[in-house]
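Coordinates in review
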Amino acid sequence: MPDSLSFTRRALRVVGKCVAVLVSCCAVLGIVRVSAPATTGPQGDPPGVERQLAFLRHALDGGAAKESQALFPEGYFFLHALYGLSRAESGMRLPEGKARATSLREARWALGRLESEEGRAPFSAALVPSYGVFHRGWTNWLRGAVLALQPAGARDPGEVRRFDADSAALGAAFDASSTPFLESYPGQAWPVDSTVAVASLRLHDALRPPRFAGTTRRWLDGVRERLDPRTGLLPHRVDPATGEPSEVARGTSQSMIQRFLVDIDPEFARRQYLRFRELYVVSPLGFGPAVREYPRGVDGPADVDSGPLPLGVSLSATVVTLGAAQVEGDAPLAGALANHSELAGLPVGTPWTKRYAFGLLPIGDAFLAWSKTARPWVAAVPDPPAATVSGWWRVPWVSVLVLVGAAVWVPGGVRRWRRARGRAEAAVPLSAGR
């Protein structure tokens, strides 16, 4: 019995040491992830994105888009759109020609999925434009990306004609509307969707003979008249008949609006971005930056877009704001948000793939890849705004990780100290204490 008990104690000590080593290694890995550069700005090649895209393509081939559709209203559409756009973004960093062949092939494949019956299924053909501004805007943006990957004199004529025709349909819908915010679904309008569509018209005018300057100008005038009165930003949701705000600006839509607005009007975009950063970017409990779903001082319910809102923070808005910061030249904020994704996203990598949260939610991987590859497509990269994030933001995280990594060794150290003290006391002769 004593031998069995002794064996059990030794085994427990071995297990305890293994756990301590594992926890310490995880703490060291966390410090590396929160410190090493995780994105490279609008011009660089973001680390790990090609492996993310390899994982996403494998997931899409395995039915991930259909699974996402069961979780989100546009899950099938968004997963393909973000994959295609991330491929295009990566390809635009390469020289023209054969180097872009893979990006062009994959972007075309994703575009075909957006235009399939499954891609159009959630949307109404009766809207103007058909299938609504959400579907038509994102599809037109990706179609423009496909053309942008090709040399100007070697673009596929059929793709050019389709881009011209779809852009004309969007332009006509905006010109005929009394509101700048077209419907995405019958009786429902979100300004973010119209922002993507107008950005696609600006992309058209950058790739083809310009024709939508007047449409863009009128759209901007209408937007300025209908800003959310509480924040001064584009509202989250509006009355589809008048375009008047019906819901306060929210982080999930704002993070995406800021990504596209720079290509529509850089000056207006900069003012909107600075206001958004002021009201929504926070450091909860000193661990920041992160992005609120509702502006400072306002709380509201979570939904399928925002996800859970611990301390008012939306993880999805935080990820997408990485891309918004990057297109605005805000490298300190973009870098900090990218480091947070490496720490909190629990990435698992192999030489061939990289996935976050163990690959359980590929739509999250798609948003992160799209954010890390962000760059303006029409406008030049703006001058950096005044920084609001310093390198000191890492200190709370590093401190906690160091404490966790060290704390697991404390019980063993205390036990060794007690044993050593007991042996020392036993070695003292009884007469020495008199």
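Preceding this paragraph is the structure being described.
Residues numbered from 1 in each chain as written. Predicted model: local features only at pLDDT ≥ 70, side-chain atom pairs only at ≥ 80, totals over all residues. Heavy atoms only, no water.

Between Val-128 and Pro-129 the backbone carries a cis peptide bond, its omega angle lying at -5°. Positionally, Pro-129 belongs in the loop between helix 6 (117-120) and helix 7 (132-148). Look at the link from Gly-288 to Pro-289: it is a cis peptide, with omega at 0°. Tracing the chain through its elements places Pro-289 in the loop between strand 3 (281-282) and strand 4 (290-291). Even without a glycine there, the phi angle at Leu-346 is positive, about 50°. Mapping Leu-346 onto the fold places it in the loop between helix 14 (331-344) and strand 5 (348-349). (Helix = DSSP H or I, 4+ residues; strand = E, 2+ residues; numbered from the N terminus.)

Using the criterion set out here, one finds 28 salt bridges in the structure. Two residues, Arg-57 and Glu-106, come together in a salt bridge whose shortest N-O distance is 2.5 Å. Separated by 49 residues along the polypeptide, Arg-57 in helix 2 (residues 49-61) and Glu-106 in helix 5 (residues 101-114) bring together distant segments of the chain. With its nearest N and O atoms 3.1 Å apart, the salt bridge here joins Lys-354 to Glu-342. Taken as a pair, Lys-354 in strand 6 (residues 354-355) and Glu-342 in helix 14 lie far apart in primary sequence, 12 residues in all. Overlapping salt bridges, with partners in common, bring together Glu-115, Arg-136, Arg-143, Arg-162 and Asp-166 in one network. (Salt bridge = Lys/Arg side-chain N within 4 Å of Asp/Glu carboxyl O.)

Now for the packing of helix 7 against helix 9 (residues 191-207). At a minimum axis separation of 8 Å, helix 7 and helix 9 run at an interaxial angle of 30°. In terms of orientation, helix 7 lies roughly parallel with respect to helix 9. Every pair of crossing elements has a handedness; the one defined by helix 7 and helix 9 is left-handed. Along its contact with helix 7, which presents Val-133, Phe-134, Gly-137, Trp-138, Asn-140, Trp-141, Gly-144, Ala-145, Leu-147 and Ala-148, the element helix 9 presents Asp-193, Ser-194, Val-196, Ala-197, Ala-199, Ser-200, Leu-203 and Leu-207. Each residue belonging to the contact of helix 7 with helix 9 can be placed in one class, and the counts come to 12 nonpolar, five polar and one charged. (Axes fitted to C-alpha atoms, helices over the stretch in contact; angles between N-to-C directions. Parallel < 35°, antiparallel > 145°, perpendicular 65-115°, else oblique. Left-handed = near helix turned anticlockwise from the far one by under 90°. Contact = heavy atoms within 4.5 Å. Nonpolar A, V, L, I, M, F, W, Y, C, P; charged D, E, K, R; others polar.)

Within the element layout of this structure, Ala-38 appears in the loop between helix 1 (2-35) and helix 2. A residue is classified by how much of its surface remains accessible, and Ala-38, at 6% relative accessible area, is buried. Along the primary structure Ala-38 and His-340 are separated by 302 residues, whereas in three dimensions their C-alpha atoms are 9.2 Å apart. With residues near it in sequence (within four places) discarded, Ala-38 still touches Pro-47, Ala-338, Asn-339, Glu-342 and Lys-372. (Buried < 20%, exposed > 50% of the residue type's maximum accessible area, 1.4 Å probe, protein only.)

Right, let's talk about helix 13 (residues 315-327) for a bit. Side chains of residues three or four places apart in an α-helix project in the same direction, reflecting 3.6 residues per turn. The buried fraction of helix 13 is high, at 10 of 13 residues. If you check which residues of helix 13 are buried, you get Ala-317, Thr-318, Val-320, Thr-321, Leu-322, Gly-323, Ala-324, Ala-325, Gln-326 and Val-327. Check the buried side of helix 13 and you find it contacts helix 11 (251-261), helix 12 (266-280), strand 4, helix 14 and helix 15 (362-372). Following helix 13 by one or two positions, Gly-329 adopts a phi angle in the positive range, close to 75°.

For Ser-314, the location among the structural elements is in the loop between strand 4 and helix 13. Residue contacts for Ser-314: discarding those within four places in its chain leaves Thr-252, Val-291, Arg-292, Glu-293, Ser-306, Pro-308 and Leu-309. Here the side chain of Ser-314 touches Ser-316 through a polar contact of 3.0 Å, side chain to side chain. (Polar contact = N/O pair within 3.5 Å; in protein donor to acceptor, adjacent residues only side chain to side chain.)

Among the surface-exposed residues, Leu-71, Leu-346, Val-348, Phe-358, Leu-360 and Leu-361 lie close enough to one another that they form a single nonpolar patch of about 590 Å² accessible area. Looking at where Phe-358 falls in the secondary structure, it is placed in the loop between strand 6 and helix 15. (Patch = residues over 30% accessible without salt bridge, like charges linked within 9 Å, V, L, I, M, F, W, Y side chains within 5 Å. Areas by Shrake-Rupley, 256 points an atom, 1.4 Å probe, with all protein chains shown as cover.)

Take the packing of aromatic side chains next. Across all of its chains, the model carries 18 aromatic pairs by this definition. Between Phe-123 and Phe-134, the ring centres sit 5.5 Å apart and the planes meet at 25°, which makes this aromatic pair stacked. Here Phe-123 is found in the loop between helix 6 and helix 7, whereas its partner Phe-134 is found in helix 7, with 11 residues between them in sequence. Like Phe-123, the residue Phe-134 is buried in the burial classification. A centroid spacing of 6.0 Å and a plane angle of 35° characterise the contact between Phe-260 and Trp-370, whose relative ring orientation is tilted. A residue pair is termed long-range when its members are at least 10 positions apart, and Phe-260 in helix 11 and Trp-370 in helix 15 qualify at 110 residues. Residue class for Phe-260 comes out buried when judged on its relative accessible area of 2%. Chaining the aromatic ring pairs together yields one cluster made of Phe-77, Phe-78, Phe-123, Phe-134, Trp-138, Trp-141, Tyr-185, Trp-190, Phe-260, Phe-367, Trp-370 and Trp-377. Above the plane of the ring of Trp-109 lies Arg-57, whose end atom (NZ or CZ) is 3.7 Å from the centre. (Phe/Tyr/Trp six-rings, centres within 6.5 Å; stacked < 30°, edge-to-face > 60°. Lys NZ or Arg CZ within 6 Å of the ring centre and 35° of its normal.)

The subject of this paragraph is the side chain of Ser-86. Mapped onto the elements, Ser-86 comes out in helix 4 (residues 75-92). On the accessibility criterion, Ser-86 (1% relative accessible area) is buried. One polar contact links the side chain of Ser-86 to the main-chain amide nitrogen of Trp-370, over a distance of 3.2 Å. Those residues in contact with Ser-86 that lie beyond four places of it in its chain are Leu-53, Ala-366, Ala-369, Trp-370 and Thr-373.

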